[in-house]
Amino acid sequence: MALDRLVVTDFRNIEHCDLSFSSHMNILVGDNGSGKTSLLEAIFFLGHGRSFRSQLTNRVIRHQQAKLVLFGQVLDQHNSKLPLGLAKGRDGQSEVKLGGEKQQTLAQLANVLPIQLITPEGFTLLAGGPKYRRAYIDWGVFHQEPQFFELWRRVKRITKQRNALLKTVRTYQPLAVWDAELSRLSEQVSALRQGYIEQLLPRVETLCQAFLPEYQCQLKYSRGWDADTPLQTVLEQNFQRDSQFGYTTVGPHKADLRLRINGTPVEDVLSRGQLKLLVCALRLAQGQDLTQTTGKQCIYLIDDFASELDAEKRGLLAQQLAETRAQVFISCISADQVSEMMIEQPVVFHVKQGEISQQ
Ligand SMILES: Nc1ncnc2c1ncn2[C@@H]1O[C@H](COP(=O)(O)OP(=O)(O)O)[C@@H](O)[C@H]1O
Ligand SMILES: [Mg+2]
C-alpha cells in the first residue's frame, strides 16, 4: 500500500503541486515555514478528511481561496491503482470520491490509506489524555475488524442518547432498556479492543527492547469500567453519580492503555527523546501488525525527524522502517540530518515557499 501520486490544490501555503512518490523512502527538505508539515498534513487529510493540526478546515484551506482539493492515487497490496479524491470548501461542503464513485462517509478513505503519524507533538499519545490512547487502539481494531466501525458508532450514539436522558429522569428505570443494549454492544467493542492489544503486545515489547533496552515497559489495557462486573450492573450502580454529572462516567468511551516502567507512568521516567522513541515503537508495532494480519501496509509520516533523536537512534528507527518495506515520508531541514536513511535510495523533495520540486 503506497501513495503513488498526490495532487494538492490550495492546501495551506501550497497553491498547486503534482508529485510522484517512491513506494519506500521520501524525504522532504526545506527551511522552517516552507511547507513540509503542510505536505504531510495534506497526505494525512486525504486519509482522514481532517487535519492533525487543526479541527477547522478553514485554517487549512489556502488564504483567500474557497476550497481545498486533494487527489491521490494509491497502489494497493496487489499493485492495482485506486484513485481517491477529496474536496472541502469554506462553506462546509465536502466531496469524497473513491475509484471514481462518490462516497457518503470518510471512513472509506482511512480504509485505503492507513497512516501512522509521528510528530514532535506525538507525546500526547503517552502524556496526553486517554482519548489519544483510545484513538491508537481503535486505529488497529478499525483496520483489522470490519464490524468495529459500526459497533463503535452505535455505542457512541446510544451513549449520547443516554446522556440526554440522564438530565431529565429521576429514577433509573427509564434507562434500563438503553443500558441493556449499550452493555451488549460495549462488551463486543471491548472484546475486540482487548483481543487487539493482546495480539499487539509482543511486538511492542520487542520494539521497546530494541529502542529502549535499559527499560522494561508494561502495557495495560483498561476497558473503562470494572473488570469483573458486567457494564449493565455498573451503569445501574452509578446512576446517582451519572445523574449529578449529567453524563455517563463509565463505559468503553473511558477505555485507556496505561504504559508504565516499574509501575511508574512512562512520562515520569523517560526523557523527551526517549518518549519519542517509545512513540515510534508503538506506531511501528501497529504498522507491522497491520501488515502481518491483513497484508496491508501503512504509510508513515514522520515530521521533524531529527528533533531530539541522536544519530544512533535515528539509525535504529531507519533500520526498523526499512524492514517494514512500508512507504515513508520524512521531513527535515537539511538532508544531512537523515543521512542514516540514505540506505533506502530515497526520493528527495525540496520545499520552498509552498513550491515542491523533486531533486
Ligand atoms: N491556510 C493557509 N494559507 C496559506 N498559508 C498558510 C496557511 N496556513 C499556514 N500557512 C503558512 O504555511 C507555511 C508553511 O508552514 P509549515 O508547513 O508548517 O512549514 P514547515 O513544516 O516547512 O516548517 C507557514 O509559513 C504558514 O504561515
Ligand atoms: Mg513543520
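Keep in mind the model is a prediction, meaning the values are calculated, not measured.

Undergrad: Just give me the short version of the pattern of salt bridges, but keep the residues and values in it.
TA: What the rule picks out here adds up to 13 salt bridges. The partner of R193 in a salt bridge is D138, with the nearest N and O atoms 2.8 Å apart. One end of the pair, R193, is in helix α7 (residues 176–211); the other, D138, is in helix α5 (residues 130–144), with 55 residues separating them in the sequence. Residue D242 pairs with R162 through a salt bridge whose shortest N-O separation is 3.3 Å. Of this pair, D242 sits in helix α9 (residues 239–245) while R162 is found in helix α6 (residues 148–166), placing the two residues 80 residues apart along the sequence. Across this residue pair, the class does not change: D242 and R162 are buried.

Undergrad: Pulling in residues and values, what's your account of the packing of aromatic side chains?
TA: Following the criterion strictly, the structure yields eight aromatic pairs and no others. With 6.4 Å between their ring centres and 15 degrees between their planes, F148 and W152 make a pair best called stacked. Of the two residues, F148 and W152 both sit in helix α6, four residues apart, roughly one turn of that helix. With 5.7 Å between their ring centres and 40 degrees between their planes, F245 and Y247 make a pair best called tilted. A relative accessible area of 48% places F245 in the partly exposed class. By way of ring pairs, the aromatic residues F21, F329 and F349 are connected into one cluster. Across from the ring centre of W152, 4.5 Å away, lies the NZ or CZ of R193, which sits over that ring.

Undergrad: Can you tell me about the UniProt feature "binding site: ATP" (unreviewed entry) in the chain, naming the residues and giving the values?
TA: Here the UniProt-annotated "binding site: ATP" (unreviewed entry) positions come out as G30, D31, N32, G33, S34, G35, K36 and T37. Within the secondary structure layout, G30 lies in the loop between β3 (25–29) and α1 (36–48). Accessibility expressed as a relative area gives 6% for G30, which makes it buried. Beyond its immediate sequence surroundings of up to four residues, G30 is in contact with K36, C332, I333 and V351. Tracing the backbone shows S34 in the loop between β3 and α1. Residue contacts for S34: discarding those within four places in its chain leaves N13, V351, K352, Q353 and G354. Among the polar contacts made by the side chain of S34, one reaches the main-chain carbonyl oxygen of D31 at a distance of 2.7 Å.

Undergrad: Lay out the domain arrangement of the chain in plain terms, naming residues and giving numbers.
TA: Each assigned domain of the chain is listed here: domain 1 (1–114 + 299–359) and domain 2 (122–295). Put simply, the middle of domain 1 and the middle of domain 2, counted by C-alpha atoms, are 28 Å apart. Residue-level contacts link 17 residues of domain 1 with 21 residues of domain 2. When domain 1 packs against domain 2, close to 1,500 Å² is buried across both sides, 66% of that on carbon and sulfur atoms. Its largest share of buried area at the contact with domain 2, domain 1 owes to Y300, E308 and Q320, together 31% of the area lost on that side.

Undergrad: Quick one: what's the story with empty space enclosed by the protein, residue by residue and with numbers?
TA: By rolling a water-sized probe across the atoms, one finds the places where empty space is left. On inspection of all chains with the given rule, the structure shows four cavities of 30 Å³ or more. By volume, the largest cavity is sized at about 40 Å³. In terms of lining, the largest cavity is formed by L201, V204, E205, C208, C217, Q218, L219 and L259. Those elements that place two or more of their residues in the lining of the largest cavity are α7 and β9 (217–222). Considering every element that reaches the lining of the largest cavity, the biggest residue donor is α7, with four residues.

Scoring rules and cut-offs
- Residues numbered from 1 in each chain as written.
- Chains lettered and ligands numbered in written order.
- Predicted model: local features only at pLDDT ≥ 70, side-chain atom pairs only at ≥ 80, totals over all residues.
- Heavy atoms only, no water.
- Salt bridge = Lys/Arg side-chain N within 4 Å of Asp/Glu carboxyl O.
- Helix = DSSP H or I, 4+ residues; strand = E, 2+ residues; numbered from the N terminus.
- Buried < 20%, exposed > 50% of the residue type's maximum accessible area, 1.4 Å probe, protein only.
- Phe/Tyr/Trp six-rings, centres within 6.5 Å; stacked < 30°, edge-to-face > 60°.
- Lys NZ or Arg CZ within 6 Å of the ring centre and 35° of its normal.
- UniProt positions renumbered as here; feature names shortened; annotations may be inferred.
- Contact = heavy atoms within 4.5 Å.
- Polar contact = N/O pair within 3.5 Å; in protein donor to acceptor, adjacent residues only side chain to side chain.
- Domains from an automatic or database assignment.
- Buried area = accessible area lost by both parts, 1.4 Å probe.
- 1 Å grid on protein atoms, 1.4 Å probe; cavity = no way out; pocket = protein on both sides within 12 Å on 5 of 7 lines; lining within 4 Å.
- Points joined across faces, edges and corners; volume = space filled by probe spheres on them.

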